[in-house]
Amino acid sequence: MAGKNGALKLEKLRKLMAAVKVPGVEGKGIQALVVKMEDAHQSEYIKECDQRCRFISGFSGSFGTAIITMDKALLWTDGRYFLQALKEFDPPDAWTLMKYGVMDTPSEAAWLVSNLPSKSIVGADPNLISYAAWVPLDNALVAAGHRLIPLKENLVDEVWGEEQPPLTLQNILPHPVIYSGERAGDKIEHCRREMQKNQVTTLVVTALDDVAYVLNLRGSDIPCNPVFFAYVVITLQDVHFFVEESKLTAEAKEHLIEEGICPKYHPYKELRSFLKQNSCVNGENEKLWISYTSSYILHNDCKDVRKHTTITPISLMKTIKNSVEIEGMKAAYIRDSVALVKYFSWLEDRVKSKDKEITEISGADRLEKFRQQQDKFVQLSFPTISSVGPHAAIIHYITSPATNVPITDQEIYLCDSGAQYQDGTTDITRTLHFGIPSDYERECFTRVFKGQCLLSTTIFPLKIQGNHLDSLPRRYLWAVGLDYSHGTGHGVGAYLNVHESPIGISWRPNPDDPGLEAGMFLSNEPGYYEDGKFGIRLENIELVVKAQTPHNHKNRGFLTFETVSLVPIQTKLLDFSMLTDTEVEYLNAYHQRCLTTLEPLLQKEEDRQALQWLRRETQPIHK
């Protein structure tokens, strides 16, 4: 489709929709098409060949659902992407933005029920929609007299045609026990114990980070994510590995054997036939564990076998880091903080010298170079958000040559970035002003900081869900009628995905959240965004640790956070008069940790500028 614009894509897609042959219905086609921003593994970040939502709408964010009818095109996304979507829609007048989390915005199902003609047919690719999303949509449509049908061919792919990028796969490498802290064979045995508890004979693993974690392997099939395309099926006797075997290095195969696994290898695309063939082998004695977060088509392939559909035990295992992973994550954040200090000191110097060649893109590129200098660096953990002024108000802004602007001392600069190291995954956001911030910017920044401080220092009961903590960092913004439209925190993997489910801190209830336990890593990132003017976000990564309390009601156990990010918070942007003594003490203690930890690592001659910046930015403040 090279050279064809969004209007032509929609026109061709609608012709294909009208031509779909619906079983039992002559010449009707489908009246609506659902396009999810997912791959066959329901990944958050996806390869170019799976960017169907972006291809058809122009929207390049990481979360969204498009619905196309014969006369309308709509896209649902959350507050991270409202401004971005409106800027990217192609053509802008053909698309309607539906804002998740905003009052009066109907769900996809509610909109379809209210807007479709009587007895309409809705189509979707069952490979790219989870069972959890398919079933309620199907139920809502059927109750309203409509139908949801699985399409045999992906219509967006047909529009895309030969221009659709191919699925390219990279080599798969071992993740040694010096980083993982636990042999793959022991992880498999843990799964089998959980299977026996639930009277399950087979566990199907479809999430890419679950596969990488349980086998202690890593890859690079998806940019910024050290995962690879594969499935795993665990029985009480065997491990079946569905993978492009040519991509497994000799070291990776040997590694599996050394870690206590002798898998049975199958071609990557044979999982569906395997499930169809094996679902009825043991009849009534068979019970299969396949998470409802897996694709609808895989659930359908399991036929009538009894199913256990909660999230996999691997999803819960990987959220609680062992002692080796915890120390690796801490070490990664120290090295990463060194890179950030070098970058911000360099950037401030270049901005003050009025270097007009320092732009959002060149700044992000320089930060990546500083990270590449750090030991155990592999790649970025997501594309760097390097944003100036109004661009910072676009929560997940990604710079392009068309939008790239200089970084100056006239506007706020927001930098959200992270990296993949062999011993950990990092993510951090800092907001700075290299000139003189306005009183309003300082007030907003201070309220964001106060919220971050409150969450970081709070004490909470063991196993409380993150949803119950989300209002704490919003308190000082809410007090004056301000808010932010994204969650406050997400789980972080250990050399895995930077967004690690099912834990998180958000206003959205999450039934899969197992509750917080010591050893989990989460982000703490409140913010505030003034559309068209500026954006503020402060993000630290927190390790959940046991809290020392004078009481322990009914032996419940209490927890708190330990901050592992060690980059100074710019005090120039704070209004000291708004801070309490406790907040001043917290910030001074945090800055002392930054200085004490990083100063010994900045002793080379080429580090002099960064060291001076670090010492200045960590000076104690006083009310």
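Let us look at the structure shown here. Not measured: the values here are computed from a predicted model. (Residues numbered from 1 in each chain as written. Predicted model: local features only at pLDDT ≥ 70, side-chain atom pairs only at ≥ 80, totals over all residues. Heavy atoms only, no water.)

1. Overview of the sheet that holds strand β18 (residues 419-421)
Pairing within the open sheet is antiparallel, and its three strands lie in the order β15-β18-β19. Single-partner strands in this sheet number two, and they are β15 (377-380) and β19 (424-425). One ladder, built from two bridges, connects β18 with β19; its direction is antiparallel. What sits directly across from Y421, in β19, is G424. Strands in contact with helix α15 (residues 360-372) are β15 and β18; relative to β15, the strand with the most contacts, it is inclined by about 160°. (Pairing = 2+ DSSP bridges. Helix = DSSP H or I, 4+ residues; strand = E, 2+ residues; numbered from the N terminus. Contact = heavy atoms within 4.5 Å. Axes fitted to C-alpha atoms, helices over the stretch in contact; angles between N-to-C directions.)

2. Quick look at the pairing of strand β16 (residues 385-388)
Along β16, one buried face is formed by I385 and S387 and the opposite face, lined by S386 and V388, is buried too. When β16 meets strand β17 (residues 412-417), the two strands line up antiparallel, connected through four bridges. Paired with S386 across the bridge in β17 is C415. (Buried < 20%, exposed > 50% of the residue type's maximum accessible area, 1.4 Å probe, protein only.)

3. Structural notes on the packing of helix α16 (residues 439-457) against helix α17 (residues 471-478)
For any two helices packed against each other, the geometry comes down to the angle between their axes and how far apart the axes lie. Relative to each other, α16 and α17 sit at 155°, their axes nearing to 7 Å. The angle between the axes of α16 and α17 places the two elements in the roughly antiparallel class. Helix-helix and strand crossings are classified by hand; for α16 and α17 the assignment is right-handed. Residue-level contacts link R447, V448, K450, G451, L454 and L455 of α16 to L472, P473, R475, Y476 and L477 of α17. (Parallel < 35°, antiparallel > 145°, perpendicular 65-115°, else oblique. Left-handed = near helix turned anticlockwise from the far one by under 90°.)

4. Some points on the nonpolar core
Membership of the largest hydrophobic core comes to 51 residues, with the highest contact counts inside it found for L215, L217, F228, V232, I234, F241 and L275. The leading source of residues in this core is helix α9 (residues 208-215), at six residues. In contact with F228, other than residues within four places in its own chain, are I172, L208, V211, A212, L217, R218, G219, D221 and F241. Listed in part, the 31 residues of the second largest apolar core include L13, M17, F59 and I121. (Core = buried A, V, L, I, M, F, W, Y, C linked by side-chain atoms within 4.5 Å.)

5. Things to note about the packing of aromatic side chains
In total, this model carries 21 aromatic pairs according to the counting rule given. With a centroid separation of 6.4 Å and an interplanar angle of 75°, the aromatic rings of W76 and W111 are classed as edge-to-face. You can see W76 sitting in strand β3 (residues 73-77) and its partner W111 sitting in helix α4 (residues 108-115), a full 35 residues away along the chain. One exposure class covers both W76 and W111, and it is buried. (Phe/Tyr/Trp six-rings, centres within 6.5 Å; stacked < 30°, edge-to-face > 60°.)

6. Some thoughts on the state of the cysteines
Among covalent bonds in proteins, the disulfide is the one between the sulfur atoms of two cysteines. As enumerated under the stated definition, the model contains zero disulfides in all. In this model C594 remains outside any disulfide bridge; the closest cysteine sulfur is found in C453, 14 Å from its own. Taking relative accessible area as the criterion, C594 reaches 0% and is therefore assigned buried. (Disulfide = S-S within 2.5 Å.)

7. So, α15
In a regular helix each residue adds 1.5 Å, so 13 residues correspond to 18 Å; α15 covers 19 Å between its end C-alpha atoms and thus fits that length. Those residues of α15 hidden inside the fold are in contact with α14 (323-352), β15, β16, β17, β18 and β20 (428-433). (Expected span 1.5 Å × (residues − 1).)

8. Some thoughts on the environment of T235
By the element assignment, T235 lies in strand β10 (residues 230-235). Overall, T235 belongs to the buried group, its relative accessible area being 12%. Ignoring sequence-local partners within four residues, the contact set of T235 consists of R192, M195, T201, T202 and H240. A distance of 2.8 Å separates the side chain of T235 from the backbone nitrogen of D238, its partner in a polar contact. (Polar contact = N/O pair within 3.5 Å; in protein donor to acceptor, adjacent residues only side chain to side chain.)

9. Some words on the packing of α14 against helix α19 (residues 608-617)
It is at 8 Å that the axes of α14 and α19 come closest, and there the two elements cross at 95°. As the angle between them shows, α14 and α19 are arranged roughly perpendicular. Packed against α14, whose contacting residues are V341, K342, F344, S345, W346, E348 and D349, the element α19 presents Q609, A610, W613, L614, R616 and E617 at the interface. Classifying every residue of the contact of α14 with α19 gives six nonpolar, two polar and five charged. (Nonpolar A, V, L, I, M, F, W, Y, C, P; charged D, E, K, R; others polar.)

10. Topic: unusual backbone geometry
For the bond running from D90 to P91, omega is -10°, close enough to zero to count as cis. In this structure, P91 sits in the loop between α3 (82-88) and β4 (95-99). Cis rather than trans, the peptide bond between S501 and P502 has omega equal to 10°. Of note, K119 is a non-glycine position whose phi angle comes to about 55°, a positive value. Structurally, K119 can be placed in the loop between α4 and β5 (121-124). Given a relative accessible area of 59%, K119 falls into the exposed group. Of note, N216 is a non-glycine position whose phi angle comes to about 55°, a positive value. Topologically, N216 is positioned in the loop between α9 and β9 (217-218). Judged by its relative accessible area of 0%, N216 is buried.

11. Here's the deal with helix α5 (residues 131-143)
Between its terminal C-alpha atoms α5 stretches 18 Å, which fits the 18 Å expected from 13 residues at 1.5 Å a residue. Along α5, the positions that sit buried rather than exposed are W134, L137 and L141. Down the axis of α5, the smallest arc covering the buried residues is 80°, so these residues share one side. One or two residues past the end of α5 sits G145, with phi positive at roughly 90°. (Arc of directions from axis to C-beta.)

12. Some points on the pattern of salt bridges
A full pass over the atoms with the stated rule returns 38 salt bridges. Here K276 and D301 are joined by a salt bridge, their closest N and O atoms 3.9 Å apart. Within this pair, whereas K276 is found in helix α11 (residues 271-278), its partner D301 is found in helix α12 (residues 296-301), the two being separated by 25 residues in sequence. Among the residues examined, K276 registers a relative accessible area of 36% and is labelled partly exposed. Accessibility expressed as a relative area gives 3% for D301, which makes it buried. Ionic contacts of the salt-bridge type, sharing partners, join the residues E348, K352, R616 and E617 into one network. (Salt bridge = Lys/Arg side-chain N within 4 Å of Asp/Glu carboxyl O.)

13. As for the side chain of E441
Structurally, E441 can be placed in helix α16. Once you skip the residues sitting within four places of it in the chain, E441 turns out to touch I412, H433, F534 and I536.

14. Re the environment of R430
The residue R430 is located in strand β20 in this model. Note: C-alpha distance between R430 and K253 (177 residues apart in sequence) is 41 Å. Not counting chain neighbours up to four residues away, the residues in contact with R430 comprise F344, Y413, L414, C415, R537, L538, E539, N540, V567, P568, I569 and Y590. Looking at R430, its side chain comes within polar contact range of the main-chain oxygen of P568, at 3.2 Å. Reaching out from R430, the side chain makes a polar contact with the side chain of Y590 at a distance of 3.1 Å.

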